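# What the coordinates show
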Amino acid sequence: MDVRIEQSWKACLQDEFDKPYFKTLTDFVRDEYSRTTVYPPARFIFNAFDLCPFDKVKVVIIGQDPYHEPGQAHGLCFSVNDGVQFPPSLRNIFKEISDDLGVPVPASGNLTRWASQGVLLLNATLTVRAGQAGSHQGRGWETFTDAVIRKLGTEREGLVYILWGAYARRKCEFIDRSRNLVLCSAHPSPLSAYSGFFGNHHFSQANRWLEEHGRTPVIW
C-alpha cells in the first residue's frame, strides 16, 4: 500500500503497510472521515512522523488518543494548534518543565518545535471521532504504533523514552533499557499529576542523557 508519510519512515514501515490489518484499518479510517467528523484533519494523521524522520529521533513520548474537540489535534501527542487553550495535561507538562528547568511557560501549546528537534510525539491511536474519546481504539492503530516502537527498538539505540501512566509503560515494555533511557512516572492528567508526575524531572534527565551520549539537548 502506498502511504503518504515521510520517506525514511515509509522505507522502514513498508512491510507494515502491506499487511492485511493495515488495509482493514485504512478502509475503516477512510469510511469514518467520509461519514463524520474525525480528528486530526486527515493531512495530519502522520504528522508526528513527517516532522521527525526516523534517523533524527532522539526522544519518544507516548500518548494515547488525539484530542477530540475542535481545533486541538494536529497529529502530535499532547500538542495543540497555536492559539488553542492548553488542555489540562499539557498545562501540567509545562508546569513541570518550568519547575524542572527554570524556564517560563510558553505562549503556545504547539509542540512542533519539539518534533523538529527529534522528539517523536506518538499517540498510540492516530485518529478519533469528534467528541468521542477512544472511539478508534481497537481498530488496528495500536498494532501499527507497536510496530513503530519495535522498529526504533531494533534499529536505533541511545534514545530516551518518556512514558507517563500505565498505558504508555505497557506500550514500551519491550524496549532494551541497557541501550536506552526509559523514564516512567504518573500521567500529567489532573487526576494523577500529584501522584508522581510533578517533580519527575524527566526533561532535565532526558537532556543529561542526550548530552552524555553526544546528542544535542532538547530546548523544551
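Keep in mind that what you see is a predicted model, and the values were worked out from it rather than measured.

## Notes on the side chain of lysine 171
Mapped onto the secondary structure, lysine 171 falls in helix H7 (residues 166-171). Overall, the relative accessible area of 5% leaves lysine 171 in the buried class. Other than its neighbours up to four places away in sequence, lysine 171 contacts Ile62, Ala124, Glu142, Thr145, Asp146 and Ile149.

## Topic: the packing of helix H1 (residues 7-17) against helix H6 (residues 141-155)
Contact geometry for H1 and H6: axes closest at 11 Å, N-to-C directions at 130 degrees. As the angle between them shows, H1 and H6 are arranged oblique. As for the relative orientation of H1 and H6, their crossing is right-handed in sense. Where H1 approaches H6, its residues Trp9, Cys12, Leu13, Glu16 and Phe17 are matched on the opposing element by Thr143, Phe144, Ala147, Val148, Lys151 and Leu152.

## Some thoughts on the pattern of salt bridges
Counted by the stated rule, this structure contains 11 salt bridges. With a closest N to O distance of 2.4 Å, aspartate 2 and lysine 10 form a salt bridge. Note that lysine 19 and glutamate 16 form a salt bridge whose closest N and O atoms lie 3.2 Å from each other. Since its relative accessible area comes to 37%, lysine 19 is described here as partly exposed. Here the salt bridges share partners, and the residues they tie into one network are Asp31, Glu32, Arg35 and Arg129.

## A look at unusual backbone geometry
Residue proline 40 is reached from tyrosine 39 by a cis peptide bond, and omega for that bond is -5 degrees. By secondary structure assignment, the location of proline 40 is in the loop between strand E1 (38-39) and helix H3 (47-50). Not every positive phi belongs to a glycine, and phenylalanine 78 is a case in point at roughly 70 degrees. Mapped onto the elements of the fold, phenylalanine 78 is located in the loop between strand E2 (59-63) and helix H4 (88-101). Look at phenylalanine 78 and you get buried, because its relative accessible area is 11%. The backbone phi angle of histidine 201 is positive, close to 55 degrees, even though this residue is not glycine. As for its position among the elements, histidine 201 is in the loop between strand E6 (181-185) and helix H8 (202-212).

## Comments concerning the nonpolar core
Within the largest apolar cluster, 69 residues are counted, with the highest numbers of intra-cluster contacts made by Trp9, Ile61, Trp114, Phe144 and Trp220. Beyond its immediate sequence surroundings of up to four residues, tryptophan 220 is in contact with Val59, Ile61, Ile97, Leu101, Arg113, Trp114, Val119, Ile162, Phe203, Ala206 and Asn207.

## Focus: the packing of aromatic side chains
Taken as a whole and assessed by the stated rule, the structure comprises 21 aromatic pairs. For the ring pair tyrosine 21 and phenylalanine 22, a centre distance of 6.2 Å and an interplane angle of 85 degrees mean the geometry is edge-to-face. Each member of the pair tyrosine 21 and phenylalanine 22 is classed as buried. Among the aromatic side chains, those forming a connected cluster through ring pairs are Trp9, Phe17, Tyr21, Phe22, Phe46, Phe49, Phe54, Trp141 and Phe144.

What counts as what
Residues numbered from 1 in each chain as written. Predicted model: local features only at pLDDT ≥ 70, side-chain atom pairs only at ≥ 80, totals over all residues. Heavy atoms only, no water. Helix = DSSP H or I, 4+ residues; strand = E, 2+ residues; numbered from the N terminus. Buried < 20%, exposed > 50% of the residue type's maximum accessible area, 1.4 Å probe, protein only. Contact = heavy atoms within 4.5 Å. Axes fitted to C-alpha atoms, helices over the stretch in contact; angles between N-to-C directions. Parallel < 35°, antiparallel > 145°, perpendicular 65-115°, else oblique. Left-handed = near helix turned anticlockwise from the far one by under 90°. Salt bridge = Lys/Arg side-chain N within 4 Å of Asp/Glu carboxyl O. Core = buried A, V, L, I, M, F, W, Y, C linked by side-chain atoms within 4.5 Å. Phe/Tyr/Trp six-rings, centres within 6.5 Å; stacked < 30°, edge-to-face > 60°.

Note that every value here comes from positions in space, so none of it alone points to a role or purpose.
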